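# Per-entry structural report
Okay, here's what each chain looks like letter by letter:
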Amino acid sequence: MKVITTREIVRETKKYFELAEKERVAVKRGKKYVNLIVTNDPDTKFVSEAWIKEFMSIPPEYRVNPFDVSPSGDLFFADRRNIEHIDKALAGQTKRLSKEEREEPC
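Every value quoted in this text rests on a predicted model; they were computed, and no experiment measured them.

## A few points about the overall build of the protein
- When its secondary structure is counted, the protein shows five helices and three strands.
- The N-to-C order of helical and strand elements in the protein reads β-α-α-β-β-α-α-α.
- For the protein, the residues scored as buried account for 19% of the 106 residues in total.
- Within the protein, residue pairs in contact and separated by at least 24 positions form 10% of the contacts whose partners lie at least 6 positions apart.
- Total accessible area on the protein is roughly 9,100 Å²; 52% of this is exposed by carbon and sulfur atoms.
- In the protein, 21 positive and 19 negative side-chain charges are present, and the distance between their average locations comes to 8 Å.

This is how it looks when you write it as structure tokens:
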């Protein structure tokens, strides 16, 4: 992995964009890092190793795809027990939208 500064990316943007296609590149900005990720689809979702570890810690019989419920992939929604608890608490008060209804513009 290559860690660069904001000054380096400003001076040699093309170089680092091309490098990001071959290896991990992170831009250090203060105490935070911006990771350059190359993809053919801007809607691609990325998760960290910590996210995967926490997802795998949910018992398999309760594990569901959290991205089906939450666009952020919040792990709260990866556990079927949590979803069932919400559904039970909101019984009769909400309407679950179909996939087509969710994709319709407002």
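Next comes the rest of the write-up.
## Quick word on the nonpolar core
- Counting eight residues, the largest nonpolar core is built from Ile4, Ile9, Tyr16, Leu19, Ala20, Val25, Val27 and Leu36.
- When residues of this core are traced back to their parent elements, those giving at least two are helix 2 (13-20) and strand 2 (25-29).
- Of the residues forming this core, the biggest block, three residues, is contributed by helix 2.
- Counting five residues, the second-largest nonpolar core is a separate cluster that includes Trp51, Phe55, Leu75 and Ala78.

Each value, and the rule that gives it
Residues numbered from 1 in each chain as written. Predicted model: local features only at pLDDT ≥ 70, side-chain atom pairs only at ≥ 80, totals over all residues. Heavy atoms only, no water. Helix = DSSP H or I, 4+ residues; strand = E, 2+ residues; numbered from the N terminus. Buried < 20%, exposed > 50% of the residue type's maximum accessible area, 1.4 Å probe, protein only. Contact = heavy atoms within 4.5 Å. Areas by Shrake-Rupley, 256 points an atom, 1.4 Å probe, with all protein chains shown as cover. Lys, Arg positive; Asp, Glu negative; His and termini not counted. Charge placed at Lys NZ, Arg CZ, Asp CG, Glu CD. Core = buried A, V, L, I, M, F, W, Y, C linked by side-chain atoms within 4.5 Å.

As far as function goes, none of this settles anything; it's purely spatial.
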